[in-house]
Amino acid sequence: MAKNLLIVESPAKAKTIEKILGSDFTVKSSYGHVRDLPKEDISVDVEHDFKPNYVVTADKQKVVKELKDAVKKVDEVWLATDEDREGEAISWHLCQVLGLDEHSTKRIVFHEITKSAIQLAITQPRKLDLNLVDAQQARRIVDRLVGYELSGLLWKKVKGKLSAGRVQSVTVRLVVEREREIQAFETTPFFRITAEFNVKSADGKVSVLKAESPERYDTQDNAASFLKKCVGAAFNINNIEVKPAKRKPAAPFTTSTLQQEASRKLGFSVSRTMLVAQRLYEAGFITYMRTDSTNLSEMAIASIAQEIENLYGSRYVHTRRYKTSKAGAQEAHEAIRPTYITNQQIPGDRDQTRLYELIWKRTIASQMSEAELERTIVKIGVSTMPGSPLQAEGEVLKFDGFLKVYLESQDDDDEEDTKGILPPLKVGQPLDLLDMTATERYTRPPARYTEAALVSKLEELGIGRPSTYAPTISKIMEENRGYVVKENRDGEVRKYAILTLKDGQIKTSEGSEVTGAVKNRLFPTDMGMVVTDYLFEHFKEIMDFGFTAGIEKDFDIIAEGNKNWVKTVGDFYHPFHATVQNALETSARATGERILGKDPETGRTVLVRMTRFGKPAVQIGSKEELAEDEKAKFANLGPNQSIETVTLEDALRLFTLPKSLGEFQGKEVSIGLGRFGPYVKHGDVFVSIPRGEDPLEMEIERANELIKEKQLADAPIGTYKGIDITKGKGRFGPFLKYGDLYINVPAKHKLDTITVEECHKLIEAKINKEANRYVQRWEKEEIAIENGRWGPFIRFKKNNVSFPKTEGQKMTSEDAAKLSFEDVKAIIEAALPGSFKKK
């Protein structure tokens, strides 16, 4: 039997390490955190040094029991969780739960899961770094306090079930501000002039030289004037300047740069990149993937240099030692790199092999020679305009260096001009003009963020740390929050003018281009904008980028042991809490209301605002204009419409819905807008219109296609006890419908290929669950006590009410079954005052 127990975070990691350590060690996984702050309440005692009330989460009860049993069977326990603050905190929580001494239990860390790294770590154990634990705990408590209090405020002032957070809210602010920059941007036209010349070489061969004017022309008249002056002009080469140039490779990957480059080159989302990188690390293929360091170990540098020499020759070797400029020391002390650089490829799925190849190439390139270039700039004189020369540029690659392996991408690669090789030229050489073109172009607004570009901005501002980027971006894009969406949007066709000088004649023509089309870009929703404005108005400090970055620095100082975490949390919390209370008492409800004008039919005000259901809608008739019992007319905004940009004309068009398109299969077909977006109605059946399609432009043929698709999707796929089983996709994912029951389809089943037998199992499980759902039920009063994931709770109409604890103990199902109807009513009234007042 093994004498030692080593505890890591993930089962995949455990499996790899157990093979390395052999029979002296049993390696178990904690499956991440085993304790956390419960979700039901704030769980932080703000009156007593912010003492957290950690509990073993329900899904970790079994894990903790297994670990406790394993501890009893060994002589010594080793903790080998990840080497960042989160990993240190997991080790500390394990000490608390398993009864281990936090001051003497052996703790090991390693940057990579290789035999040499693990064996070296075993020979160099250390103790828990309680400063790192304090820093993590300070972050967790501050984030809970901010999230709990701001979210509660938003429930009252904007809409229920919204959330806010210290890092999350400033991240949304970045997306909102970028969108407003784009909306406020005024596009202005200008003209760019290009020319093509015939060049004859000594052997009589003719090639084309492309040149352009360095100057932009603001108007068509100015561009036309330049072209007119070129009619009959002589063109000569005035000057040729040749410059050597070099390009350096990018540093090895940090968490942030890996996320950005995987987005650009592979199309990965931030969360997908981190998931794949985690698997590569746990399998022992790469070093630790949450790091802000660009440093490489001396051993790694030596092995990389040897591999470059073996593959490409000694001229390609250029050893570099990168230094990290960031002050925070919370993350790993080495960049992300392959554990064995000799492995150009690894086994794994497509995502893993592609991401590994990217990491391998970036690592190799960082230690390769610079690329050597020769850049040529040619000035072409115009006889009629001596002060306005044209310019041609060329570039020749003399030595490829690191470009043999890798070139870093940019977010705006489509803007980069590729310079080719110029034909042989000499000063004074006359040139024959083939043609000259003045093309109308337009200034462009700043680009919307991609996920990776947003990570880069957060890193630049010092907001968050490598371990927080992916969860932050995933959080703001969650559907139930609805602050930010990632979308593709079609552009609009725009015409532009073209002036062409050829054979002494100037002709005018017109071209067209698509502008504004984007792919996988982040857009703020109306809810995101309303919440951001509300928080910025009442919590300027929390929403300030510098303040948020300053708190991160405080956490870094705590991690270094130079600041008390309780005092840091207190200094932040007390003024913050006072601001929350003030906003609760004095601030008005936030709706983002904007008046568009007057309705020509009624003369009433047309305004757009957020409804209490959290939907942006147009309203005809303000409160002051309506009679006592009169209701305003409402219409939901359509796809790609926003409270901030919708016009009066567009708003009034929405009131033409619902409209009838005709009949199909003997039933009326109409188009409308509902709470969940635009729809086609066919008899009594509603069919959602796909995102991006304008309901106002829909024709009967397209509506019929959607109806047929719906009928096909709703056709029974089998029966159970004589009742049809159908399937579909809803707001919360794929489901089966059996009678009155809706059954969620787990991710392990594919809705398109699910079998009737699998459906039967899911239905039986749902029926059994429903049978045990209710502890007590009063249907007429719409009150029930139900069994939930975290224990029994009260469902009152659409509200969930938690049972208060009795002497620190949670309510059990057995005790809940003994409660009278009056007892339950009293608990509801205490949680939701006024629930039983007669209206």
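See the structure shown above.
None of the values given here were measured: they were computed from a predicted structure. (Residues numbered from 1 in each chain as written. Predicted model: local features only at pLDDT ≥ 70, side-chain atom pairs only at ≥ 80, totals over all residues. Heavy atoms only, no water.)

What follows concerns the overall build of the chain. Helix and strand content of the chain: 21 helices and 34 strands. Principal-axis analysis of the C-alpha atoms places the extent of the chain at approximately 105 × 85 × 60 Å. When each of the 839 residues of the chain is scored for burial, the buried share is 46%. Taking the contacts inside the chain whose residues are at least 6 apart along the sequence as the reference set, 67% of them involve residues at least 24 apart. A total accessible area of about 44,000 Å² is found for the chain, and carbon and sulfur atoms account for 48% of it. Once the 125 positive and 126 negative side-chain charges of the chain are each reduced to a mean point, those two points are 2 Å apart. (Helix = DSSP H or I, 4+ residues; strand = E, 2+ residues; numbered from the N terminus. Buried < 20%, exposed > 50% of the residue type's maximum accessible area, 1.4 Å probe, protein only. Contact = heavy atoms within 4.5 Å. Areas by Shrake-Rupley, 256 points an atom, 1.4 Å probe, with all protein chains shown as cover. Lys, Arg positive; Asp, Glu negative; His and termini not counted. Charge placed at Lys NZ, Arg CZ, Asp CG, Glu CD.)

All right, on to the packing of aromatic side chains then. Following the criterion strictly, the structure yields 17 aromatic pairs and no others. An angle of 45° between the planes, with centres 5.3 Å apart, marks the rings of phenylalanine 796 and phenylalanine 836 as tilted. Highlighted residues: phenylalanine 796 in strand β33 (residues 791–796) and phenylalanine 836 in the segment after α21 (821–831), separated in sequence by 40 residues. Judged by relative accessible area, phenylalanine 796 falls into the buried class, the value being 5%. An aromatic cluster of at least three residues, connected via ring pairs, comprises Phe539, Phe547, Phe572 and Phe576. One cation-aromatic arrangement involves arginine 489 over phenylalanine 523; the distance from NZ or CZ to the ring centre is 3.7 Å. (Phe/Tyr/Trp six-rings, centres within 6.5 Å; stacked < 30°, edge-to-face > 60°. Lys NZ or Arg CZ within 6 Å of the ring centre and 35° of its normal.)

For the rest of this paragraph, the subject is the pattern of salt bridges. Applying the stated criterion to the full structure yields 48 salt bridges. Residue lysine 361 is joined to glutamate 357 by a salt bridge in which the shortest nitrogen-to-oxygen separation is 3.4 Å. Of this pair, lysine 361 and glutamate 357 both sit in helix α11 (residues 350–366), separated by four residues, roughly a single helical turn. A salt bridge links arginine 604 to glutamate 630; the nearest nitrogen and oxygen atoms lie 2.7 Å apart. Of this pair, arginine 604 sits in the loop between β19 (594–598) and β20 (605–610) while glutamate 630 sits in the loop between β21 (616–620) and β22 (633–636), placing them 26 residues apart in sequence. Via salt bridges that share partners, Lys766, Glu770, Arg773, Glu786 and Arg795 belong to a single interconnected network. (Salt bridge = Lys/Arg side-chain N within 4 Å of Asp/Glu carboxyl O.)

So, on to the side chain of serine 293. Looking at the secondary structure, you find serine 293 in the loop between α9 (270–282) and α10 (298–312). A distance of 3.1 Å separates a polar atom in the side chain of serine 293 from the backbone nitrogen of asparagine 295. (Polar contact = N/O pair within 3.5 Å; in protein donor to acceptor, adjacent residues only side chain to side chain.)

Turning next to the sheet that holds strand β2 (residues 25–29). The sheet built from four strands is open, its strands ordered β2-β1-β7-β8 with parallel pairing. Looking at strand neighbours, the two that pair on one side only are β2 and β8 (106–107), the edges of this open sheet. By the bridge criterion, two bridges tie strand β7 (residues 76–79) to β8 in an arrangement that is parallel. Paired with leucine 79 across the two strands is arginine 107, which belongs to β8. Sheet contacts for helix α1 (residues 11–21): β1 (4–8) and β2; angle to β2, the most-contacted strand, approximately 170°. (Pairing = 2+ DSSP bridges. Axes fitted to C-alpha atoms, helices over the stretch in contact; angles between N-to-C directions.)

A few words on the pairing of strand β28 (residues 723–730). Note that strand β27 (residues 718–720) and β28 share three bridges and pair antiparallel. Residue pairing across strands places glycine 718 opposite isoleucine 725, the latter belonging to β28. The turn joining β27 and β28, which pair antiparallel and follow one another in sequence, is formed by two residues; a positive phi near 55° is taken by lysine 721. Two strands pair when backbone bridges link them, and β28 and strand β29 (residues 733–738) are joined in this way by six bridges, in the antiparallel orientation. Paired with glycine 730 across the strands is glycine 733, a residue of β29. Taken together, β28 and the strand that follows it, β29, pair antiparallel across an intervening segment of two residues.

Attention now moves to the nonpolar core. Among the nonpolar cores identified, the biggest contains 159 residues, and Leu6, Ile286, Leu355 and Val680 are the most heavily contacted of them. Examining the composition of this core, we find that eleven residues originate from one element, helix α5 (residues 130–157), more than from any other. Other than its neighbours up to four places away in sequence, leucine 6 contacts Ile17, Leu21, Phe25, Thr26, Val27, Lys28, Trp78, Ala80 and Ile108. Within the second largest apolar cluster, 28 residues are counted, among which are Leu209, Ala224, Cys230 and Met385. (Core = buried A, V, L, I, M, F, W, Y, C linked by side-chain atoms within 4.5 Å.)

With that settled, the discussion passes to unusual backbone geometry. Across the junction of leucine 657 and proline 658, the peptide omega takes the value 0°, indicating a cis bond. Within the fold, proline 658 resides in the loop between α17 (648–653) and β23 (659–664). For glutamine 665, which is not glycine, the phi dihedral falls at a positive 55°.

Packed helix pairs are characterised by how far apart their axes lie and by the angle those axes make with each other. Packing of α9 against helix α13 (residues 469–476) leaves a shortest axis separation of 8 Å and a crossing angle of 140°. Considered as vectors, α9 and α13 are oriented oblique to each other. For α9 against α13, the interelement crossing comes out left-handed. Note on element contacts: α13 touches α9 through Ala470, Ile473 and Ser474, opposite Val270, Ser271 and Met274. Here the contact of α9 with α13 is composed, by residue class, of four nonpolar, two polar and no charged. (Parallel < 35°, antiparallel > 145°, perpendicular 65-115°, else oblique. Left-handed = near helix turned anticlockwise from the far one by under 90°. Nonpolar A, V, L, I, M, F, W, Y, C, P; charged D, E, K, R; others polar.)

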